[in-house]
Amino acid sequence: LRNIVDKILKFTDTDEVFSKWSFKAQENTEESPYRQWMIIFGVVLLILVPYLMILKNEINKRKKVEIRLLETKRELENALNIKTAFLANVSHELKTPLTAIMGFTKLLMKREENPKKQQLLENIQVAGDTLVTFIDNILDLSKLEAGKVELKYRRINLRNMIDNIERICNGLNK
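Residues numbered from 1 in each chain as written. Predicted model: local features only at pLDDT ≥ 70, side-chain atom pairs only at ≥ 80, totals over all residues. Heavy atoms only, no water.

Peer 1: Before we go on, may I ask you to explain the overall build of the protein in this structure?
Peer 2: Check the secondary structure of the protein and you find five helices and zero strands. A burial count over the protein gives 10% of its 174 residues as buried. Within the protein, contacts between residues at least 6 apart in sequence are counted, and of these 61% link residues at least 24 apart. Roughly 15,300 Å² of accessible area belongs to the protein as shown, and the carbon and sulfur atoms make up 62% of that amount. (Helix = DSSP H or I, 4+ residues; strand = E, 2+ residues; numbered from the N terminus. Buried < 20%, exposed > 50% of the residue type's maximum accessible area, 1.4 Å probe, protein only. Contact = heavy atoms within 4.5 Å. Areas by Shrake-Rupley, 256 points an atom, 1.4 Å probe, with all protein chains shown as cover.)

Quick look at the structure:
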């Protein structure tokens, strides 16, 4: 439609068209203003319709994108919930046997008199405590993602922590 209007305007002398309109308006004063407004309205429609169609298509595209984004958001939230539940379950499954290992290590430490074996058992104990702390951190991360965490500030003995790391590393090097 737009191309047709452009071709008509290209081959038509606008002064001639307006002179005919004004001439007809002088001939028949009752019909002329109505016809002029209808022609103007028709031209405006010819110009606006393609733009309105484009606008409608853009709105439809944006709605489809918005729907896809909402679906993706729901899928991601579901995946996050599954991951959180998985981490919590795995952490608990790891912590249960580790607690038993730690208990047996403490029992052996009480009975063992050989200093070298005592040192090895202490290394197992420190490594186990580190692993328990790591698992607790994973559980805390799961709680944090679920919005169920309470932060607690506490003092730590940095010297003991470094000594424990050094002891574990020295035990691994032997």
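Peer 1: Honestly, the pattern of salt bridges in this entry has me stumped. Any pointers?
Peer 2: Oppositely charged side chains are able to pair whenever their charged atoms sit close together. Under the criterion given, the structure shown has four salt bridges. Among the ionic pairs, Lys-61 bridges to Glu-58, the shortest N-O distance being 3.9 Å. A residue pair is termed a helical-turn pair when its members lie 3 or 4 positions apart in one helix, as Lys-61 and Glu-58 do in helix α3 (residues 32–111) at three residues. With its nearest N and O atoms 2.4 Å apart, the salt bridge here joins Lys-95 to Asp-136. On the criterion of sequence distance, the pair formed by Lys-95 in helix α3 and Asp-136 in helix α4 (residues 115–146) is long-range, its members being 41 residues apart. (Salt bridge = Lys/Arg side-chain N within 4 Å of Asp/Glu carboxyl O.)

Peer 1: Looking at this structure, how should I read α4?
Peer 2: The periodicity of an α-helix, 3.6 residues per turn, causes residues three or four places apart in sequence to face the same way. The end-to-end C-alpha distance of α4, which contains 32 residues, comes to 46 Å, matching closely the 46 Å that a straight helix rising 1.5 Å per residue would cover. The backbone nitrogen of Lys-116 has a side-chain oxygen 3.0 Å away, supplied by the residue at the start of α4, namely Asn-114. Two residues or fewer past α4, Gly-147 is found with a positive phi of approximately 75 degrees. (Expected span 1.5 Å × (residues − 1). Polar contact = N/O pair within 3.5 Å; in protein donor to acceptor, adjacent residues only side chain to side chain.)

Peer 1: Looking at this structure, how should I read the nonpolar core?
Peer 2: Soluble globular proteins: nonpolar side chains tend toward being buried together. Judged by nonpolar contacts, Leu-98, Met-102, Val-132, Ile-135 and Leu-139 together constitute the single largest core of five residues. Mapped by element, the contributors of at least two residues to this core are α3 and α4. Setting aside residues up to four positions removed in sequence, Val-132 forms contacts with Lys-95 and Leu-98. (Core = buried A, V, L, I, M, F, W, Y, C linked by side-chain atoms within 4.5 Å.)

Peer 1: Explain a nonpolar patch on the surface here, please?
Peer 2: Nonpolar side chains collect at one region of the surface, where Trp-37, Ile-40, Val-44, Leu-48, Leu-52, Leu-55 and Ile-59 lie side by side and expose about 680 Å² of accessible area between them. You can see Leu-52 is positioned in helix α3. Residue Leu-52 is classed as exposed on the basis of its relative accessible area of 51%. (Patch = residues over 30% accessible without salt bridge, like charges linked within 9 Å, V, L, I, M, F, W, Y side chains within 5 Å.)

Peer 1: Whenever I open this one, the environment of Asn-170 confuses me. Can you help?
Peer 2: For Asn-170, the position within the fold is in helix α5 (residues 158–173). C-alpha of Asn-170 to C-alpha of Asn-123: the two residues are 47 residues apart in sequence and 9.1 Å apart in space.

Peer 1: Help me out: how do you make sense of the side chain of Gln-125 in this one?
Peer 2: By the secondary structure assignment, Gln-125 is in helix α4. Residue class for Gln-125 comes out buried when judged on its relative accessible area of 10%. Setting aside residues no more than four positions away along its own chain, Gln-125 makes contact with Met-102, Thr-105, Lys-106 and Met-109.

Peer 1: I'm lost on the confidence of the model for the protein in this one. Help?
Peer 2: Low pLDDT marks stretches whose predicted atomic positions should not be read closely. Averaged over every residue, the pLDDT of the protein is 79; the share at 70 or more is 79%. Confidence drops under pLDDT 50 across residues 23–29; counting only partners more than four residues distant or on other chains, this segment forms four contacts. (pLDDT = per-residue confidence, 0-100.)

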